[in-house]
Amino acid sequence: MQMDQTLVHALLEAFDRSDWLEMTVTIGTDRLHVSRRSRREGAPDVDEDALEPESATERAAPEAVHTEPTRATPEPLTGIVIESPSIGLFWRSPSPGAPPFVKPGTHVSAQDTLAIVEVMKLMNQLVAPAAGTVKAILAENGARVEYGQPLIAIDPDD
């Protein structure tokens, strides 16, 4: 058996509802470790090694020539905000060295792939729920992201 996104979500929800300080689950070579001992009081902290099977090799970050600096928008987020469906690693391109799926200013159609959130070598595509223009990329390529964290802002077409 292997941990999939549904199982990880269920485990994290159970942990969130519990009064446990830490939880470690190992299934085969997959390991998930969460702890309430974090920088933000009450927010689960995820062990970076738990995001991938122990035998997996690290994914190399794409070359800097293909990525653009991203920055958080200072104004309040409006329009469509794409949030992380789970904890994991945020990737702007399909593979190291490939161009990013989208950049700020890119026009997207409904169901276009915007980015990937990787959880234990499972690649979860983030897709545009509607047509619009990408306003901002709110996470750095290769960054650890949390469940519900805003990742991409889109101005929808009228």
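For the structure given in this document, a descriptive report is provided here. Going along each chain's sequence as written, the residues are numbered from 1 onward. Residues qualify for local features only when their pLDDT is at least 70, as the model is predicted, and side-chain atom pairs are given and counted only at 80 or more; totals for whole chains, interfaces and linings, by contrast, use all residues. Neither water nor hydrogens contribute to the side-chain values; these are computed over all heavy atoms in the structure.

In this section: unusual backbone geometry. Non-glycine residue Met-120 carries a positive phi angle of around 50°. Starting at the N terminus, helices and strands are each numbered in turn, a helix being any DSSP run of H or I of at least four residues and a strand any DSSP run of E of at least two. The residue Met-120 is located in the loop between β7 (113-119) and β8 (122-127) in this model. Note on exposure labels: buried denotes an accessible area under 20% of the residue type's maximum, exposed denotes more than 50%, and partly exposed covers the range between, all computed with a 1.4 Å probe on protein chains only. Relative accessible area serves as the criterion here: at 2%, Met-120 is assigned to the buried category. With a phi close to 70°, Lys-121 is a non-glycine residue in the positive phi region. Along the chain, Lys-121 falls in the loop between β7 and β8.

Attention now moves to the nonpolar core. By size, the foremost hydrophobic cluster in this structure holds 30 residues, and its most contacted members are Met-3, Phe-90, Leu-114, Leu-151, Ile-152 and Ile-154. At the level of secondary structure, the elements contributing two or more residues to this core comprise α1 (5-17), β1 (22-27), β2 (30-35), β4 (80-83), β7, β9 (132-137) and β11 (150-156). Ignoring sequence-local partners within four residues, the contact set of Ile-152 consists of Ile-80, Val-81, Ile-82, Phe-90, Leu-114, Ala-115, Val-134, Ala-136, Ile-137 and Leu-138. Put simply, a nonpolar core is a bunch of buried Ala, Val, Leu, Ile, Met, Phe, Trp, Tyr and Cys residues held in one set by side-chain atoms that sit within 4.5 Å of each other. Throughout, a contact is declared for two residues whenever any of their heavy atoms are within 4.5 Å.

As a further point, take the pattern of salt bridges. We define a salt bridge as a side-chain nitrogen of Lys or Arg found within 4 Å of a carboxyl oxygen belonging to Asp or Glu. A complete count under the given rule lists two salt bridges for this structure. For Lys-121, the salt bridge identified is with Glu-118, shortest N-O distance 3.5 Å. Judged by relative accessible area, which is 1%, Glu-118 ranks as buried. Residues Lys-135 and Asp-155 are paired through a salt bridge, measuring 3.6 Å at the closest nitrogen-oxygen approach. Placement of Lys-135 in strand β9 and of Asp-155 in strand β11 is noted, with a sequence separation of 20 residues between them.

Moving on to the sheet that holds β8. Read across the sheet, four strands follow the order β8-β7-β5-β10 without closing on themselves; strand pairing throughout is antiparallel. Each edge of the sheet is formed by a strand with only one pairing partner; in this case those strands are β8 and β10 (144-145). The rule for pairing is simple: two strands pair if DSSP sees at least two bridges between them. When strand β5 (residues 88-91) meets β7, the two strands line up antiparallel, connected through three bridges. Opposite Trp-91, over in β7, you have Ile-116 as the bridge partner.

The next point concerns the sheet that holds β11. With respect to topology, four strands assemble into an open sheet ordered β4-β11-β9-β6, the strand pairing being antiparallel. Since the sheet does not close on itself, it has two edges, and those belong to β4 and β6 (107-108), each with one partner. Note: β9 against β11, five bridges, orientation antiparallel. Following the sheet pairing, Thr-133 is matched in β11 by Asp-155.

A few words now on the pairing of β11. Note on strand geometry: in a regular strand, side chains alternate between the two faces of the sheet. Bridge count between β4 and β11: four bridges; the pairing is antiparallel. Along β11, the bridge assignment pairs Ile-80 with Ile-154.

Here we take up the pairing of β2. With five of six residues buried, β2 lies mostly within the body of the structure. Two strands pair when backbone bridges link them, and β1 and β2 are joined in this way by six bridges, in the antiparallel orientation. The partner of Thr-24 across the bridge, within β2, is His-33. Taken together, β1 and the strand that follows it, β2, pair antiparallel across an intervening segment of two residues, in which Gly-28 is found at a positive phi of about 60°.

Taken by themselves, the reported measurements are silent on function.
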